[in-house]
Amino acid sequence: MIAEYTWLIPFIPMMCFLIIGIIGKKTPEKGGYIAIAGALSAFIISAAVSYEYLTGDAFDAGEAITSEIEWFQIGTYTMHLGYYVDGLTCAMMLFSSFISTLIFIYSLGYMHDQGERKNRYYAEVSLFLTGMLGLIVSSNFLELFIFWEVMGLCSYLLIGFWSFRHHDGDAASANAASAAKKAFLVTRMGDVCLMGGLFILLNQFGSLDYTTMFATAELVAEADPDMLTLGLLLMFGGVIGKSAQFPLHDWLPDAMAGPTTVSSLIHAATMVKAGVYLVARAFPIYVMDGNVMLFVGIIGGVTAFIAATMALNNMNIKKVLAYSTISQLGYMILALGAGGYLWSLGYYELGALGFFAGCFHMINHAFFKALLFMGSGSVIHGTGTEDMRLMGGLFKKMKITATTMLFGCLAIAGIPIFSGFWSKDLVIDAAMAAFEHGTADGATWFIILWVLAVITAFMTAFYMFRMWFMTFMGEPRENAQHCHGESPKTMTMPLVILAIFALISGLFMFVGLADMLPLHEGMELVTLDGMEEGIELFKNPYTYLTLILAIVGIVIAYLMYVKKTINPGKFNKFGESWLYKALTKRWWFPDLYNQISWKLGYGVAKGVNYIDRQIVDGTVNGLSSAVVGGGDAISKVQTGHVQDYSSIVLLGVAVLSVVVLLIVAQLGGL
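My aim in this report is to walk through the structure given alongside it, one point at a time. (Residues numbered from 1 in each chain as written. Predicted model: local features only at pLDDT ≥ 70, side-chain atom pairs only at ≥ 80, totals over all residues. Heavy atoms only, no water.)

If you tally the helices and strands in the protein chain, you get 27 helices and two strands. Dimensions of the protein chain along its principal axes, counting C-alpha atoms only, are 110 × 60 × 55 Å. The burial tally for the protein chain puts 56% of its 670 residues in the buried class. Sequence-distant contacts in the protein chain: of pairs separated by 6 or more residues, those separated by 24 or more amount to 80%. (Helix = DSSP H or I, 4+ residues; strand = E, 2+ residues; numbered from the N terminus. Buried < 20%, exposed > 50% of the residue type's maximum accessible area, 1.4 Å probe, protein only. Contact = heavy atoms within 4.5 Å.)

Time to look at the packing of helix H15 (residues 317–344) against helix H18 (residues 419–437). With their axes 9 Å apart at the nearest point, H15 and H18 run at an angle of 35 degrees to one another. As for the relative orientation of H15 and H18, their crossing is left-handed in sense. Only Lys424, Val427, Ile428, Ala430, Ala431, Ala433, Ala434 and His437 of H18 make contact with H15, whose side of the interface consists of Gln328, Tyr331, Leu334, Ala335, Ala338, Tyr341 and Leu342. Among the residues making up the contact of H15 with H18, the classes are represented as twelve nonpolar, two polar and one charged. (Axes fitted to C-alpha atoms, helices over the stretch in contact; angles between N-to-C directions. Left-handed = near helix turned anticlockwise from the far one by under 90°. Nonpolar A, V, L, I, M, F, W, Y, C, P; charged D, E, K, R; others polar.)

Enumeration over the complete set of coordinates arrives at two cavities of 30 Å³ or more. In terms of lining, the second largest cavity is formed by Ala413, Gly414, Phe421, Lys424, Asp425, Ala457, Thr546, Leu547 and Ala550. Elements with a minimum of two residues in the lining of the second largest cavity: H18 and helix H23 (541–563). Of the residues that constitute the lining of the second largest cavity, the class distribution is five nonpolar, two polar and two charged. (1 Å grid on protein atoms, 1.4 Å probe; cavity = no way out; pocket = protein on both sides within 12 Å on 5 of 7 lines; lining within 4 Å. Points joined across faces, edges and corners; volume = space filled by probe spheres on them.)

Time to look at the pattern of salt bridges. For the structure on display, the rule yields nine salt bridges. A salt bridge links Glu29 to Lys118, with the shortest nitrogen-to-oxygen separation between them at 3.0 Å. On the criterion of sequence distance, the pair formed by Glu29 in the loop between helix H1 (8–23) and helix H2 (32–54) and Lys118 in helix H5 (residues 117–137) is long-range, its members being 89 residues apart. An identical accessibility class is assigned to Glu29 and Lys118; each is buried. (Salt bridge = Lys/Arg side-chain N within 4 Å of Asp/Glu carboxyl O.)

This next bit is on the layout of surface pockets. For the largest pocket, the calculated volume is near 1400 Å³. Along the wall of the largest pocket there are 45 residues; nearest its centre are Asn175, Ser178, Ala179, Asp254 and Ala257. Among the elements of the structure, helix H4 (87–110), helix H7 (170–205), helix H10 (251–254), H15, helix H16 (348–383) and helix H26 (589–635) are those that each provide at least two residues to the lining of the largest pocket. Top contributing element to the lining of the largest pocket by residue count: H7, with ten residues. The residue makeup of the lining of the largest pocket, split by class, is 20 nonpolar, 15 polar and ten charged.

Before going further, it helps to examine helix H22 (residues 530–539). Those residues of H22 not exposed but buried are Gly530, Glu533, Gly534 and Leu537. The arc that holds every buried residue of H22, seen down its axis, measures 100 degrees, which confines them to one face. Close packing links the buried residues of H22 with H16, H18, helix H21 (513–516) and H23. Structurally, the start of H22 carries an N-cap: the backbone nitrogen of Met531 is 3.1 Å from a side-chain oxygen of Asp529. (Arc of directions from axis to C-beta. Polar contact = N/O pair within 3.5 Å; in protein donor to acceptor, adjacent residues only side chain to side chain.)

With 18 residues, helix H9 (residues 225–242) should reach 26 Å at 1.5 Å per residue; the first-to-last C-alpha distance of 26 Å fits that figure. Every buried residue of H9 is listed here: Leu228, Gly231, Leu232, Met235, Phe236, Gly237, Gly238, Val239, Ile240, Gly241 and Lys242. With its phi angle positive at about 55 degrees, Ala244 sits one or two positions after the end of H9. (Expected span 1.5 Å × (residues − 1).)

This is the structure:
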């Protein structure tokens, strides 16, 4: 069975990491071709494993293929290492390895002028891919958590790649270092929550293996629902950190300080999808508590809306895409929350629709967001700036980049037949279904979330085409006038391939993708008819509402930034508008984080530092000083004169005699 070699999928990129680290400097492109070979090999094996699983008996029965070996024991708990292959695993490892391969190829052109630093870059991205693929194929939550942390380390290293000897000077280096630390610290907050949740779930289930936990979830929920709720909420804390959900969303825009290829890798194909994958993977456990799923949906909907607002007036092309990434991740979490909420109420088919919508949008987003980030990298490569105010008129000089990015914008705006149309509208439909079938409190929340999701669809279309029009249309501005033309083929060919997927990946739901994502393992087996769901979209009046709003958003962007019949300046009153300032300052979230860090974090750090220096180190240093001081005092007695030693002996005998007499007296005499 080919599935027996699933372990090779993360193992090969890991070996590439080691090879590049050892001999990469002596190879062409400083290890670039080795990294590409590793990613491509992982994709080929993923495709073979997926084909075997999807054409086998296990898939027909709605079961997973899993294999484990015993790793270690702690008391009565046994930890395992293994792989777990089901439809969700297949979908995730296919698009992660495929898009990573394209990003690595793209890196040959984008990172070509980096000299010796390319060796470190290709080693780090290979290890990063190892973390993502290992997380996907893991058979238990402990194994998943280990690869989760590998990705966290690599994201810190890659975001801070420009920390040393940046070509734009010391300020850019300091900015990259600061962004890397911020990403590391904020995501660690979520990771601590995830670790705490896993401790609770281990205590409740007696195991962290998927098969055991999914099969016994209902029994555990009945035995101790409060502890299960706490464990699930803490686990979702890890999702909030890793997938940049409100209120831990602010690290991701700053992470744009890294190379654009890193932005594509982290924020399109891999890392930020890990949190969404965790909710989808633990879905059979999450649905045991409808209130938790309601909370998940609220976080997703609020995140989608808030992030979209912050992209409306941003002038940095990469940060606009970063905000849109956060917003689209919010859509995914909203869909999973709505689906889990409906499932907990017994609406299994509608619950499966929410689950599928979240996973489907995750797949589509990976293609069109990787395309948009890599397209922005091509623009930056040609103009030497990330500021859209210095661009304009680039369509004539960069036709391939402009056309492919237009495909990405149409996809994320939800224009038929592009991929985003199908999955985004399914997400919004899931929120409406949760309103129509939910309890009183849940219905109230989900109608609010539905309204936010619809408004977000309008804002998405506006700010994405604002970006495209400012970059490629109008008169060439400062940097655009000096653009050297289209990027090399190593950069444009991945753009063309991803543009094709941005056009057609939404059609996968009609050719079996819905069948790949059934809900099973301890739950009633439910699958969706992709053709039926696609046709239903066109019968739904809400589909046309979101489509009209998206078109209106595009038209407004066109009138503002191409025809210039609408002056954007009058909406911000020359930058003095309260709303304009709020959006520019990210609703003051960075200021809030800084205040919390200084007032709370700094105080705690000072307290910990005092305990460490004065109590822990003080105790150790005090004991050592006592020993050294005692040794110095005793050493002064060593004079080398026999008379002095005799006097000491006589003094000792006298003291011992007195002690003996006192003891005898206390005992009542001889």
